[in-house]
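# Overview (structure and organization)
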Amino acid sequence: MVETTQFEVQKVAQSHITQVDFDNLPFGRIFADHMLVAYYAQGQWQEVRIQPYSPLPIYPSLSALHYGQSIFEGMKAYRTVQDEIVIFRPYDNFERMNRSAERMCMPAIPEELFIGGILQLVQLDQAWVSGKPGNSLYIRPFMFGADNAIGIRPSETYYFIIFCCPVSSYYSEPVKVKIEQHYVRAVEGGTGYAKTAGNYAASLYPAQLAQKQGYHQLIWTDGKEHKYIEESGTMNVMFIIDEKLITASLGDTVLDGVTRKSVLHLAREWGYIVEERKVTVAEVVTALENNTLQEAFGVGTAAVISPIQLIAYEGTDYPVPLPTEKSFSNRAKKYLDDLKRGRIADEYGWLLKVC
Ligand SMILES: *Cc1c(COP(=O)(O)O)cnc(C)c1O
């Protein structure tokens, strides 16, 4: 356990946890009792406080609402079989948050505020980390420009807030995805590598068009030629072709996922050839046609690993083999679940113990 600064706490008069049905948790709509709120002004973080989850007093001129200086992170805390609480790789989220902040002209968040704040908040709301199979506590740190002024320039004031949502395993049937040939998620020199609000706003319309055609989400391609595969929905995407694991390399346009990094690590440890490079639409379509595409799946914190059952390209729907017990994606999913539940040793030091 890490010793950290203790922030001032104002506790709820009464927890509302007794009103929550942990067997029936809609994603992201139920909130734990407390939140951490920090305010930045005059070049420094001040007024850090843990308080009841509650509305914020904001003015209509709040700069983030107009010009989108807004970034976020997402990670999960788990209750292990030893009844301890652990968080999966939060230092990676911490570093990524600050990369996003830099890109959006926002101040850096110190480690004692990000990591220390999460530790203190999750410790306080530890009852909200359910040990039921598949359940976890989703942690949402975010920051936004807080100036009350319109005018396009970086805000001088910011809020950094952390709240938590109890969530259940994000089971969904294997997804049907469409390779997008017109709209783009990210361009070179753009903000694709940052977890910033506008990226998600811009993806809603094309995703909705695909949903109207019967697909769950899109496979995003590069913004110049639509020749290279980048991500799937809001997950990184991986393919197993001829026993090799292939995924888009990182850069401006691909988000550096913590799940991606972890799954690639496991693949290498387990002896797979891993190729992080430009992945062409053509090679994936050829592999689908030749039946050499063995697995396709998205990876990200929410669903961890989400198998793809169908890929659509230029009007043709190509079925993808469904994962079996022996599939890499199932093996990786099981390994990560066993690790987070304390059923196997944390051999790579991926868990941070909260309490
Ligand atoms: C958050 C996110 C991911 C997954 O990142 P994780 O750290 O694994 O949760 C992938 N792509 C996009 C666009 C994302 O926003």
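Residues numbered from 1 in each chain as written. Predicted model: local features only at pLDDT ≥ 70, side-chain atom pairs only at ≥ 80, totals over all residues. Heavy atoms only, no water.

Now for the environment of Thr-221. With respect to the helices, strands and loops of the structure, Thr-221 is situated in strand β10 (residues 217-221). Judged by relative accessible area, Thr-221 falls into the buried class, the value being 0%. With 12 residues separating them along the chain, Thr-221 and Gly-233 place their C-alpha atoms 11 Å apart. Setting aside its immediate chain neighbours within four residues, Thr-221 contacts Ile-179, Glu-180, Gln-181, His-226, Tyr-228, Ile-229, Glu-230 and Val-281. At a separation of 2.8 Å, a polar atom in the side chain of Thr-221 contacts the main-chain carbonyl oxygen of Glu-180. At a separation of 2.9 Å, a polar atom in the side chain of Thr-221 contacts the side chain of His-226. (Helix = DSSP H or I, 4+ residues; strand = E, 2+ residues; numbered from the N terminus. Buried < 20%, exposed > 50% of the residue type's maximum accessible area, 1.4 Å probe, protein only. Contact = heavy atoms within 4.5 Å. Polar contact = N/O pair within 3.5 Å; in protein donor to acceptor, adjacent residues only side chain to side chain.)

Glancing now at the pattern of salt bridges. Charged atoms that come close allow side chains of opposite charge to pair. Scanning the entire structure with this criterion turns up 19 salt bridges. A salt bridge links Glu-188 to Lys-224, with the nearest nitrogen and oxygen atoms 3.7 Å apart. Of this pair, Glu-188 sits in the loop between β9 (175-179) and α4 (197-212) while Lys-224 sits in the loop between β10 and β11 (228-232); the two residues are 36 residues apart in sequence, bridging distant segments of the chain. A single burial state applies to Glu-188 and to Lys-224, both of which are exposed. Among the salt bridges present, the one from Arg-277 reaches Glu-275, with a minimum N-O distance of 2.8 Å. Several salt bridges share partner residues, and in doing so they unite Lys-244, Glu-275, Arg-277 and Glu-283 into one network. (Salt bridge = Lys/Arg side-chain N within 4 Å of Asp/Glu carboxyl O.)

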